[in-house]
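Each chain, written out:
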Amino acid sequence: MEAFLDNCAKAIVAGDGGGAERLAGEALGSGLSLLQVIEEGFVRGIREVGRLWEEGEIFLPELVMGAEAMKKAMTVLQPALEGSDEAQESLGRIVIGTIEGDIHDIGKTLVATMLSANGFEVTDLGTDVPVARFIDEAEARNADCIAISALLTTTMNGQKRVIDELVKRSMRDKVKVMVGGAPCNEAWAKEIDADGYAGDAVSAVALAKGLAGKA
Ligand code: B12
């Protein structure tokens, strides 16, 4: 198990898309917890890539290759994570996206997948989503919650702008807002008056259930 998780992490660090895809395929039939494989294997790898990049040990092309390998693994694992939620009663409607100026989508997509697998009706707006679009879509879909991902210190302020705009449009009491992404934390959520912060996909589900009164 440990060795398998190490290999998953190593495939991402090496930017080995074929290897990551193969390991993800092996995980599917192995009876291992897919969440554990993702968090302790592949995600550990992409975080290591980030660290190496920050320390100047690798360059942008290698960062991109690591991200692409990560996406290949997630493409294999995502359908299995989604499972069948047809019989489930909806826990609520959530509009999710990565804020404008920001194209990071691996974590956001993982959160969206887990929310959907756990009974929420999720509309994923993708990346680089303008402030107004979050609100227009939430209004159009009568959403209970807006979930905003930001991975850059330069884009996280967009989360605040979504909340400010909700207040302006007198919608703040109807729509909950949850925030996440590497630079965010509890203190930031409090500062911008969000309803909650979660640091990973599993706690994002718990948070969403709590906000929906379904915990
Ligand atoms: C992969 C990656 C990329 C890929 C993205 C590919 C993609 N399709 O997503 C590429 C190569 C394209 C990229 C580009 C850039 N990147 Co980049 N990237 C990363 C890296 C290494 C990993 C991010 C990731 O996918 N992590 C894995 C996922 C699973 O984790 P996660 O995103 O944190 O998500 C989890 C939680 O945060 C949470 N969560 C996430 N979203 C949400 C939302 C809600 C509502 C909730 C509740 C929870 C939640 O749950 C998720 C699942 O567990 C990070 C390093 C890091 N430590 O984060 C840098 C990092 C984010 N990037 C960084 C930078 C600077 C850039 C660039 C500006 C580089 C450049 N010079 O061009 C560009 C930005 C382009 C843009 N405009 O967005 C910096 C940001 C620094 C900062 N302080 O702002 C980081 C931190 C690297 C570093 N250490 O310096 N990047």
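What counts and how
- Residues numbered from 1 in each chain as written.
- Predicted model: local features only at pLDDT ≥ 70, side-chain atom pairs only at ≥ 80, totals over all residues.
- Near = placed C-beta within 6 Å.
- Helix = DSSP H or I, 4+ residues; strand = E, 2+ residues; numbered from the N terminus.
- Nonpolar A, V, L, I, M, F, W, Y, C, P; charged D, E, K, R; others polar.
- Domains from an automatic or database assignment.
- Buried ≥ 20, exposed ≤ 12 C-beta atoms within 10 Å, placed from the backbone.
- Contact = placed C-beta atoms within 7 Å.
- Pairing = 2+ DSSP bridges.
- Axes fitted to C-alpha atoms, helices over the stretch in contact; angles between N-to-C directions.
- Parallel < 35°, antiparallel > 145°, perpendicular 65-115°, else oblique.
- Left-handed = near helix turned anticlockwise from the far one by under 90°.
- Right-handed = clockwise from strand over helix to strand, strands pointing away.

Taken together, 38 residues are adjacent to the ligand, and G50, I106, G107, S149 and G180 come closest. The greatest single-element share of the shell around the ligand, amounting to seven residues, is contributed by helix α3 (residues 34–54). When its residues are assigned to classes, the shell around the ligand shows 22 nonpolar, 10 polar and six charged. Split by domain, the shell around the ligand shows at least three residues from each of two domains, domain 1 (2–82) and domain 2 (92–211).

Attention now moves to the environment of V43. Along the chain, V43 falls in helix α3. A residue is classified by how many C-beta atoms lie within 10 Å of it, and V43, with 23 of them, is buried. On a C-alpha basis, the gap between V43 and V76 in space is 15 Å, while along the polypeptide they are 33 residues apart.

Assigned domains of the protein chain: these are domain 1 (2–82) and domain 2 (92–211). Taking only C-alpha atoms, the centre of domain 1 and the centre of domain 2 are 25 Å apart. Taken together, the 11 residues of domain 1 in the interface contact nine residues of domain 2. Tallying contributions element by element places helix α4 (residues 60–82) first for the side of domain 1 that touches domain 2, with seven residues.

In space, the five strands of this open sheet follow the order β2-β1-β3-β4-β5, with parallel pairing throughout. Of all the strands in the sheet, just β2 (120–124) and β5 (196–197) have a single pairing partner and so form its edges. As paired elements, strand β4 (residues 176–180) and β5 share two bridges and run parallel to each other. Residue V179 lies in a different strand from β5, and its bridge partner there is Y197.

It is the contact of helix α2 (residues 17–28) with α4, at a shortest axis distance of 7 Å, that shows an interaxial angle of 20°. Taken together, α2 and α4 sit at an angle that is classed as roughly parallel. As α2 runs across α4, the sense of the crossing is right-handed. Where α2 abuts α4, its residues G17, A20, E21, L23, A24, G25, A27 and L28 lie against E68, A69, M70, K72, A73, V76, L77 and A80.

Taking burial as the measure, the seven residues of strand β1 (residues 92–98) include five buried ones, the bulk of the element. Since β1 and β2 lie parallel, the crossover through helix α5 (residues 106–117) that links them has a hand, and here it is right-handed. With five bridges joining them, β1 and strand β3 (residues 145–149) adopt parallel strand pairing. For I96, the partnering residue across the bridge sits in β3 and is A147.

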